[in-house]
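# Notes for the structure review
Each chain is listed here by its residues.
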Amino acid sequence: PETVALDIQCKDPLFETHWFGRAGLATRASSGFETLNAIPTAKSGLALCPQYNLRASCCSQRFEVEQARHFQHFRQIIFPSMFVRI
């Protein structure tokens, strides 16, 4: 069914924690983290995913900020600790 396909388009398992906002925070101004778009939309100005500029995708500029935050955490905390173990 087409409605099911539309519902799963923006549910990449890699970003599962970002499919929805945190439970109970839907009515608050900030959920503490950004979520993917519910359906693919065309955006411009994407810096981390420039290949999706002006193409329908689930990413947004607000979500790119979230991606950068997690990438920096990995780069500064997780990755160096992996070298300590070697």
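Residues numbered from 1 in each chain as written. Predicted model: local features only at pLDDT ≥ 70, side-chain atom pairs only at ≥ 80, totals over all residues. Heavy atoms only, no water.

### Here we look at unusual backbone geometry
In this model, Leu54 sits at a positive phi of 60 degrees, which is unusual for a non-glycine residue. Here Leu54 is to be found in the loop between strand 1 (41–42) and strand 2 (56–57). Taking the relative accessible area as the measure of exposure, Leu54 reaches 70% and is therefore exposed. (Helix = DSSP H or I, 4+ residues; strand = E, 2+ residues; numbered from the N terminus. Buried < 20%, exposed > 50% of the residue type's maximum accessible area, 1.4 Å probe, protein only.)

### Section: the side chain of Glu66
Considering the arrangement of structural elements, one finds Glu66 in helix 2 (residues 61–85). Within the local environment of Glu66, its side chain forms a polar contact with the side chain of His70, the two groups lying 3.1 Å apart. (Polar contact = N/O pair within 3.5 Å; in protein donor to acceptor, adjacent residues only side chain to side chain.)

### Focus: the confidence of the model for the protein chain
With 71% of its residues at a pLDDT of 70 or more, the protein chain shows a mean pLDDT of 75. Here helix 1 (residues 2–8) is the element of the protein chain with the lowest mean pLDDT, 54, and strand 1 is the one with the highest, 90. (pLDDT = per-residue confidence, 0-100.)

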